[in-house]
Structures are given as C-alpha cells and as structure tokens.
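# Residue-level structure breakdown
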Amino acid sequence: MIADIAVIGGSGLYSLIEGEGAPHDLDTPYGTPSDPIVVGKVAGRTVAFLPRHGTDHRYPPHKIPYRANLWALRELGVRQILAPCAVGGLRPDHGPGTFVLPDQVVDRTTSRVGTFFDEGAHHTSFGDPYCPAGRRAVLDSAEVDIVDGGTMVVIEGPRFSTRAESQWYAAQGASIINMTGMPEAILARELGLCYTSIALVTDHDAGVVAGEAVTMEEVFRVFAENTERMKSLVLRTVAALPPEHSCA
Ligand SMILES: CSC[C@H]1O[C@H](OP(=O)(O)O)[C@H](O)[C@@H]1O
Ligand SMILES: Nc1ncnc2[nH]cnc12
C-alpha cells in the first residue's frame, strides 16, 4: 500500500501535498489518469493527490478519465477519498463561500461511462452515495460552518444550466449543482472505496436569484478567494479520517 487516503482536487484545487511529493505515472485498463498522482504528506498522513481536470485544467467535466482515475487510486492502495468540488447554489441561502456536505446525489449526466461492470449482472447498492465515516470526519474536524446534508445535482455540462432548468432542480429539492460528482462517486463505490464529496458554493446558479447568470470566471474567482479555507478543511479532515477505513 502506497497511500490509504486520496484527495481528488476540482476546479481551482491543483495541489495539496506538503513539500515535493512523489509523482506516480500509472496506466490502467481504462487509460491514463488525468495527471501523475502525487503521493506525499498531508497533516501527517500519507495522501495521494490527483487533480481531476489535470493541473492545467485540460479535461472538461465530460472528458475526465473517471474510470482511469479511480482505478489508479485503488492501485496505489487508496481506501478513502475526499472529493472537494466547486458547486452552484440552488437555494438563496446557499450563497458563495458556503460549504455543503451533500448526502444525496441526482445524476443528470448523459455521455459518461458510469460503471466498471461492462458485462454480467452487477448492480451496486447506492442508496446512500457518500461514506458515513468520511462525512463524520469532515463535520467533526471543521472549524467553519458547514451545511450538513443536501442533494447535489450533477449535470453533463460543459454548459451551465438555463434559468428554467435551475429552477426545476431547486423545485425538486436539490440544493447544489455541479458537473463532476458523477460518475466519480459510483465508480468509487464499485471499487469498495469510501468517498466523500466536500462542496464549496461559488455562485448562485442561474434563476436562483435575480441578476446575471453564472460564468466560468466567477467560479474560478470565488474558488480562488476560498482556496485556503477549503485546503484547511481538507487538511483537518485528512487528520481525522479513521485508519484504513473503507466502505467495502
Ligand atoms: C470552472 S466552472 C465549472 C466546473 O467547476 C466545477 O468543477 P469541479 O466539480 O471539478 O470542482 C464543475 O463541476 C465544473 O467542472
Ligand atoms: N452553477 C454551476 N453549475 C454547474 N457546475 C458548477 N460548478 C460551479 N458552479 C456551478
């Protein structure tokens, strides 16, 4: 086992390891991961870090090699994954800067391979998509306010939603929206890995409040303003994760 814990960084989070870290260039039956996976120390634990879009953000959300990423992390021995991400808020009280720890997901993606089981009868239980131990570690270690629970809608992208789509998701009860939460979560579950999404609201999605619709620049700007808060939350959570836990 090279690393038990992984952090998959999203938009605006392209590094985390303290010091230099050791890059691992891995190949998998599903192709190569988004980037070399860097293994090193975070809060005293050995952590594998992988930016899902690549360090230069070359993979848009619908082209991320999700299967290769998850497979490669498991090859390193990873059992627990923290998955920070930028999201739009679908409720007026979920404004920019709000942390949300989702407990449910609605998959609205359309073009991605969402399983490792291409043949035979494998139907994975997924009623509770996120790891209870990972969620507990986030909540127990947080210094900041976090909304405990909420449904994340994952859209295909790369375009943002129309106002009508956004209002419809909100009316269905969803509270946040992004483009990468699936199939990452189900692929982790299929491999028996504990997976915890940690969402930072960067914008009010179109239609939630009056005004201009969200732009990519706004997402990057607000995430940049909050990167240190997100890193601090991830570091504290890494330190609090149980040893060698998995959801298998
Ligand atoms: C940069 S705007 C949209 C982009 O941001 C989010 O990325 P991530 O989930 O990796 O933090 C969203 O899902 C889109 O990929
Ligand atoms: N409003 C939004 N919709 C989809 N993905 C996002 N990522 C950040 N903000 C988003």
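Structure shown above.
Below: a short report on this structure. Note that this is a predicted model, so its numbers are computed, not measured. (Residues numbered from 1 in each chain as written. Chains lettered and ligands numbered in written order. Predicted model: local features only at pLDDT ≥ 70, side-chain atom pairs only at ≥ 80, totals over all residues. Heavy atoms only, no water.)

### Concerning unusual backbone geometry
A cis amide bond, omega -5 degrees, links Gly157 with the succeeding residue Pro158. In this structure, Pro158 sits in the loop between β9 (151-155) and α3 (163-171). Residue Pro183 follows Met182 across a cis peptide bond; omega there is 10 degrees. Note on placement: Pro183 falls in helix α4 (residues 181-190). Even without glycine at this site, His57 takes up a positive phi of about 55 degrees. Within the fold, His57 resides in the loop between β4 (45-51) and α1 (66-75). (Helix = DSSP H or I, 4+ residues; strand = E, 2+ residues; numbered from the N terminus.)

### Regarding the site of ligand 2
Taken together, Ala86, Val87, Gly88, Phe160, Ile177, Asn178, Met179, Thr202, Asp203, Asp205, Val214 and Val219 are the residues near ligand 2. Between a nitrogen atom of ligand 2 and a main-chain N or O atom of Gly88, the distance comes to 3.2 Å. In the complex, the protein chains occlude 95% of the 270 Å² of accessible area that ligand 2 would expose alone. Looking at the shell around ligand 2, the elements that each hand over two or more residues are β5 (80-89), β10 (176-178) and β11 (194-204). (Near = heavy atom within 4 Å. Polar contact = N/O pair within 3.5 Å; in protein donor to acceptor, adjacent residues only side chain to side chain. Areas by Shrake-Rupley, 256 points an atom, 1.4 Å probe, with all protein chains shown as cover.)

### Focus on the packing of aromatic side chains
Tallied over the entire structure, the rule returns 5 aromatic pairs. Ring centres of Trp71 and Phe116 lie 5.5 Å apart, and the angle between their planes is 50 degrees; this geometry places the pair in the tilted category. Here Trp71 is found in helix α1, whereas its partner Phe116 is found in the loop between β7 (104-108) and α2 (132-141), with 45 residues between them in sequence. For the residue pair Trp71 and Phe116, the accessibility class agrees, reading buried in each case. (Phe/Tyr/Trp six-rings, centres within 6.5 Å; stacked < 30°, edge-to-face > 60°. Buried < 20%, exposed > 50% of the residue type's maximum accessible area, 1.4 Å probe, protein only.)

### Points about the state of the cysteines
In total, this model carries 1 disulfide according to the counting rule given. Across the disulfide, Cys131 is cross-linked to Cys194 (sulfur-sulfur distance 2.4 Å). Judged by the sign of its S-S torsion, about -95 degrees, the bond between Cys131 and Cys194 is left-handed. With Cys131 in the loop between β7 and α2 and Cys194 in strand β11, this pair connects stretches of sequence that are 63 residues apart. Take Cys131 and Cys194: they sit in the same class, and that class is buried. Here Cys85 stays unpaired: no disulfide links it, and the sulfur of Cys194, its closest cysteine neighbor, is 15 Å away. Taking the relative accessible area as the measure of exposure, Cys85 reaches 3% and is therefore buried. (Disulfide = S-S within 2.5 Å.)

### Re the site of ligand 1
As a structural note, the neighbourhood of ligand 1 is formed by 14 residues, with Ser11, His53, Asn178, Met179 and Thr180 the closest of them. The contact in question runs from an oxygen atom of ligand 1 to an N or O atom on the side chain of Arg52, over 3.0 Å. Separating an oxygen atom of ligand 1 from a side-chain N or O atom of His53 is a distance of 2.6 Å. For ligand 1, whose free accessible area comes to 390 Å², the fraction covered by protein is 94%. Among the secondary structure elements, those contributing two or more residues to the shell around ligand 1 are β5 and α5 (216-240). Counting residues per element, the shell around ligand 1 draws most heavily on α5, which supplies 3 residues. In the shell around ligand 1, the residues fall into 8 nonpolar, 5 polar and 1 charged. (Nonpolar A, V, L, I, M, F, W, Y, C, P; charged D, E, K, R; others polar.)

### Examining the nonpolar core
Proteins that are soluble and globular tend to have nonpolar side chains buried together. Ala48, Leu70, Leu73 and Ile81 are the most contacted members of the largest nonpolar core, which totals 37 residues. When contributions to this core are tallied by element, the ones reaching two or more residues are β1 (5-9), β3 (37-42), β4, α1, β5, β9, α4 and β11. Listed in part, the 26 residues of the second largest apolar core include Ile17, Ala86, Val138 and Leu200. (Core = buried A, V, L, I, M, F, W, Y, C linked by side-chain atoms within 4.5 Å.)

Don't take any of this as a statement about function, it's just geometry.
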